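Here are the chains, one letter per residue:
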Amino acid sequence: MTKQIHLAAHFPGVNNTTVWSDPESGSQIDFASFRHLAETAERGTFDFFFLAEGLRLREVKGRIHDLDVVGRPESLTVLSALAAVTTHLGLAATVNSTFNEPYELAKRLATLDHLSGGRAAWNVVTSWDAFTGENFRRGGFLDKADRYVRAQESLRIVRKLWNSWTADDLVLAQQAGVFAREGAGAFADEGPHFDVRGRFGLPPSPQGHPVVIQAGDSDQGREFAAESAEVIFSRHGSFEAGQTFYKDVKARLARYGRAEESLKIMPAVTVVVADNDAEAEEKARHIREQQVSGPTAIVLAELLWGRDLSAYDPDGPLPSEDPVVGSGVTQGRVGFNDPGPIVAEWRAQAEANGWSLRETVINQQNRQTFVGSAATVAEAMNRHVQEDAADGFVLVPHLTPGGLDPFVDQVVPLLRERGVFRSSYAGTTLRDHLGLTR
Amino acid sequence: MSRRLITALDIDGAGGHPAAWRGSEIDPAAILSGELAVRAVQRAEAAGVDLATFADALEAPADVPERVGARLDAIGLAARIAPVTDRIGLVPTLTVTHTEPFHLQASVATLDHISSGRAGWLVDVSSSEEAAAVIGRREPAPAAETWREARYVVDVSRRLWDSWEDDAIIRDAATGRFVDRERIHYVDFESPSFAIKGPSIVPRPPQGHPLTVVRVASEEALQAVGEADVVLLPGTADLADRLAAVRAAGSKPRVLISVSVLLDGNTANAVRRADGAEQLDHIGGVERLADLIAEWSQAGVDGIHLRPASLELDVPVIASKLLPLLRERRLAGPAVGRAVTLRTRLGLRHPANRYAVGGRQ
């Protein structure tokens, strides 16, 4: 059976994928930018719009990282505003489960779900490091090993709150004077991390409750997703890695009595489209050069090596030292647990091609996922989905706010022609778009 | 000439009257979709009301089947309304006792960004058993302690709003730097109950500091007056004494008397509608209310915060009758026709950034 593709639009983030030096690059904070991208995604009948979260500005060598976009708004507030200017598009918020309490999460997300008529999603992320914790009351209070335990308990309680009203509890009988059934919203829960009880103040939304997204990649993260998530925002965009990940995660579902369709796997991908394949390659190369300036190449190499490499010339050879793990040279972003093999690969490629450090970073780290004419891109994306490397994609544009426009104008029509992507929304809720049950 | 009064409207469910949701003019589902609030705020904006507050509490409304037993998160609702309004101030209630201060300030800063400088927050505290139990993080604390902590929360929020200088984003392609990190600052804040390193994740809000509003309904709340841009004084009793207490406690906040109103010139209708309401500060026509407002103005308040019994019945009367009457009597200024920040609208200055080196801003 032909699978239908699911698409999401990721607002450009604070890593070097986002090109801010281009004349077309707009504000990362003005509401007009969010509105533009959301309206583009809705024009393209995308499933949802996705916002990441920041809890502390990134640092390199103890100073605020200044080479990439810095600063962003708080996601639930932006998405509540976008609910006013969109009608069908799903609205996904990344919100940390470590530094929020379940009741607060449940209330804010359910509010977004009501305000949008059933279009909200929660991307559950965790954090454990003391670096982020310095902005919060409890500091870095969690062991790394405990972060999913807390996340799982938090999600379980959030869902309990969302389900604390049955579908019949909201009565709204004006004449009789019954707003809600007595007892609606009552809850109590106790576990290793939480001890909560009381009443939850929001009934089910038109989609029941928000969709749950998960983005972790570790074995624990995958297991968490298999048990609890409805969408995985994965990092495995390439065909082979995508298939391996897809098979691994979907195989875990049976353990929890879940059908394969109940969890959609959507890797983050980048797309460069042009009139023909050669032009697209050229454009992609230009974008990669924009993404990796000399200073950025050094910082990305420092992230991999775990060492201060500021003495190196980005246009010279690769560092000769061996990488180290867990040095904390860069803070506030995901590092490498096993950098050795990657460094070896970089060295081999640099030697074979005569690349400088910067050229190596450009070629090894920032290769876009789909590059080509609209027909080439549509063909490749469809193959990924039909051959189970993905159920869909989270598109990460390199430009704010117009980076998605070429894809929606040129590729989406071809996906529609192939009958693998909707031409209009059949339903009104995000669960409708994703084919998920309530 | 009397001075121009600030006018504010409270949004709470279908209105302050417990039975407001039961009126035939109301679609109760519109409370949860936000449509009822959208319509009321748009009506108020068109009539020239300066700002809308949004009621909230951490805990859910009490489980009383005949009352509105559901409530949207106030800042979400205010954000939903921001894109469909362009002049009115938006001031959601945020309970600062349990939620992380870092999140609170980021949300309020974000509301200020998406509304182009029309945001504020009505800072509230909670001593209730219910709120403590739904969060489960700590025991309920006495009011004096929660208000003392609220002062610290407002203080650190302002510091975090200042942690980015207005011109921190430089986009300097020549050096490859997006920001000038010399213009982004750690706040290194410590209070008895929490510490925050900073800087904020959100660039400085358009107003510098979104408006801080405090409702003074108790002796303990007077502690926070020193941090307030605007104070709400609920009820009409002992107005002069309470006003004096606020003036003694605070630097120079604008003080708004906060009154529950049910507006109907037909006495029989008004009395019928008032049935079942908790005590209302004014029941009746707009003429009498305008007289009272003139008296309060004489007593020294800077404005009025109206809590309508019904959004659908009373807001249209406030918009079409009360505001024009206040203007006629020169109690209210002309409706502001153009989009300005809430601070500008209320005549409050743009705060200097405490971290900026002299001369840079």
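What counts as what
Residues numbered from 1 in each chain as written. Chains lettered and ligands numbered in written order. Predicted model: local features only at pLDDT ≥ 70, side-chain atom pairs only at ≥ 80, totals over all residues. Heavy atoms only, no water. Domains from an automatic or database assignment. Contact = heavy atoms within 4.5 Å. Buried area = accessible area lost by both parts, 1.4 Å probe. Salt bridge = Lys/Arg side-chain N within 4 Å of Asp/Glu carboxyl O. Polar contact = N/O pair within 3.5 Å; in protein donor to acceptor, adjacent residues only side chain to side chain. Nonpolar A, V, L, I, M, F, W, Y, C, P; charged D, E, K, R; others polar. Axes fitted to C-alpha atoms, helices over the stretch in contact; angles between N-to-C directions. Helix = DSSP H or I, 4+ residues; strand = E, 2+ residues; numbered from the N terminus. Parallel < 35°, antiparallel > 145°, perpendicular 65-115°, else oblique. Left-handed = near helix turned anticlockwise from the far one by under 90°. Expected span 1.5 Å × (residues − 1). Buried < 20%, exposed > 50% of the residue type's maximum accessible area, 1.4 Å probe, protein only. Pairing = 2+ DSSP bridges. Core = buried A, V, L, I, M, F, W, Y, C linked by side-chain atoms within 4.5 Å.

**Describing the domain arrangement of chain A**
All names here are of chain A.
Logical step 1: The assigned domain composition of chain A is domain 1 (6-275 + 368-434) and domain 2 (293-365).
Logical step 2: For domain 1 and domain 2, the distance between their C-alpha centroids amounts to 31 Å.
Logical step 3: On the domain 2 side, the residues contacting the 11 residues of domain 1 number 13 residues.
Logical step 4: When the area that domain 1 buries against domain 2 is broken down by residue, the three leading residues are Arg58, Lys61 and Leu67, summing to 45%.
Logical step 5: Counting the contacts that link domain 1 with domain 2 gives 2 salt bridges.
Logical step 6: Here Lys61 ties to Glu302 by a salt bridge, and the two come within 2.7 Å at their closest N and O atoms.
Logical step 7: Along the contact surface separating domain 1 from domain 2 lie 2 residue pairs in polar contact (both at pLDDT 80 or more).
Logical step 8: For the side of domain 1 that touches domain 2, a count of residues per class yields 3 nonpolar, 3 polar and 5 charged.

**Side note on the packing of helix α12 (residues 374-386) of chain A against helix α13 (residues 405-417) of chain A**
Residue and element names in this part refer to chain A.
Logical step 1: Put simply, α12 and α13 touch, their axes get as near as 9 Å, and they point 55 degrees apart. Accordingly, the angle class assigned to the pair α12 and α13 is oblique. The handedness of the crossing between α12 and α13 is right-handed. Across from Ala374, Ala375, Val377, Ala378 and Met381 in α12, the residues of α13 making contact are Phe407, Gln410, Val411, Leu414 and Leu415.
Logical step 2: A per-class count over the contact of α12 with α13 returns 9 nonpolar, 1 polar and no charged.

**Let's talk about the packing of helix α5 (residues 147-162) of chain A against helix α6 (residues 219-228) of chain A**
Residues and elements named next belong to chain A.
Logical step 1: At their nearest, the axes of α5 and α6 sit 11 Å apart, and the two run at 15 degrees to each other. Between α5 and α6, the angle falls in the class roughly parallel. Handedness of the α5/α6 crossing: right-handed. Note on element contacts: α6 touches α5 through Gln220, Gly221, Phe224, Glu227 and Ser228, opposite Tyr148, Ala151, Gln152, Leu155 and Arg159.
Logical step 2: For the contact of α5 with α6, the per-class residue count stands at 4 nonpolar, 4 polar and 2 charged.

**Brief notes about unusual backbone geometry**
Logical step 1: Omega for the peptide link from Thr400 of chain A to Pro401 of chain A comes to -5 degrees, which places this bond in the cis form.
Logical step 2: Along the chain, Pro401 of chain A turns up in the loop between β17 (392-395) and α13.
Logical step 3: Look at the link from Gly198 of chain B to Pro199 of chain B: it is a cis peptide, with omega at -10 degrees.
Logical step 4: Along the polypeptide, Pro199 of chain B turns up in the loop between β8 (195-196) and β9 (211-215).
Logical step 5: Positive phi outside glycine occurs at Thr45 of chain A, with the angle close to 45 degrees.

**Remarks on helix α1 (residues 31-43) of chain A**
Logical step 1: The end-to-end C-alpha distance of α1 of chain A is 18 Å, a good match for the 18 Å that 13 residues give at a rise of 1.5 Å each.
Logical step 2: All buried positions along α1 of chain A are accounted for by Phe31, Ser33, Phe34, Leu37, Ala38, Thr40, Ala41 and Glu42 of chain A.

**Section: the pairing of β9 of chain B**
Residues and elements named next belong to chain B.
Logical step 1: Across the 5 residues of β9, 4 count as buried, placing the element largely inside the fold.
Logical step 2: Pairing geometry for strand β4 (residues 120-124) and β9, over 4 bridges, is parallel. Its bridge partner being in β9, Val123 is matched across the sheet by Val214.

**Some remarks on the sheet that holds strand β15 (residues 330-331) of chain A**
Residues and elements named next belong to chain A.
Logical step 1: Strand order across the open sheet formed by 3 strands is β4-β3-β15, with antiparallel pairing between neighbours. Single-partner strands in this sheet number two, and they are β4 (63-64) and β15.
Logical step 2: Here strand β3 (residues 59-60) runs beside β4; their pairing, made up of 2 bridges, is antiparallel. Of the residues in β4, the one forming a bridge with Val60 is Arg63.

**A closer look at the environment of Ala290 of chain B**
Residues and elements named next belong to chain B.
Logical step 1: Tracing the backbone through its elements, the reader meets Ala290 in helix α9 (residues 286-299).
Logical step 2: Distance in space between the C-alpha atoms of Ala290 and Arg345 is 22 Å, their sequence separation being 55 residues.
Logical step 3: Setting aside residues no more than four positions away along its own chain, Ala290 makes contact with Leu322, Leu325, Leu326, Arg329 and Leu331.

**A short note on the side chain of Arg150 of chain A**
Logical step 1: Structurally, the position occupied by Arg150 of chain A is in helix α5.
Logical step 2: Discounting chain neighbours no more than four positions away, the residues touching Arg150 of chain A are Ser97, Thr98, Asn100, Glu101, Arg138, Phe141, Leu142, His193 and Phe194 of chain A.

**Let's talk about the pattern of salt bridges**
Residues and elements named next belong to chain A.
Logical step 1: A complete count under the given rule lists 60 salt bridges over all chains for this structure.
Logical step 2: Taking the shortest distance from any N to any O, the salt bridge between Asp248 and Arg222 comes out at 3.2 Å. Residue Asp248 is found in helix α7 (residues 239-253), and its partner Arg222 is found in helix α6; the two are separated by 26 residues along the sequence.
Logical step 3: Arg222 gets classed as buried once you look at its relative accessible area, which sits at 16%.

**Side note on the nonpolar core**
Logical step 1: Core analysis: the largest hydrophobic core is formed by 186 residues, its most contacted members being Phe46, Phe49 and Phe407 of chain A.
Logical step 2: Looking at this core, the element that brings in the most residues is helix α10 (residues 311-328) of chain B, giving 9 residues.
Logical step 3: Those residues in contact with Phe49 of chain A, other than ones at most four positions away along the chain, are Ala9, Phe11, Phe34, Leu37, Ala38, Leu79, Leu82, Leu89, Gly90, Leu91 and Ala92 of chain A.

**Re the interface of chain B and chain A**
Logical step 1: Counting residues at the interface gives 79 residues for chain B, matched by 73 residues for chain A.
Logical step 2: Taking both partners together, chain B and chain A bury about 6,200 Å²; carbon and sulfur atoms supply 59% of that area.
Logical step 3: In this assembly, chain B and chain A are joined by 6 salt bridges.
Logical step 4: Between Arg181 of chain B and Asp66 of chain A there is a salt bridge, with its nearest N and O atoms 3.5 Å apart.
Logical step 5: In this structure, the connection of chain B to chain A is made through 41 residue pairs in polar contact (both at pLDDT 80 or more).
Logical step 6: Elements with a contribution of two residues or more to the side of chain B that touches chain A: α1 (29-33), α3 (74-81), α4 (101-114), α5 (129-135), β5 (169-172), β6 (177-179) and β8 of chain B.
Logical step 7: With 9 residues, α4 of chain B is the single largest residue contributor to the side of chain B that touches chain A.
Logical step 8: Grouping the constituent residues of the side of chain B that touches chain A by class yields 43 nonpolar, 17 polar and 19 charged.

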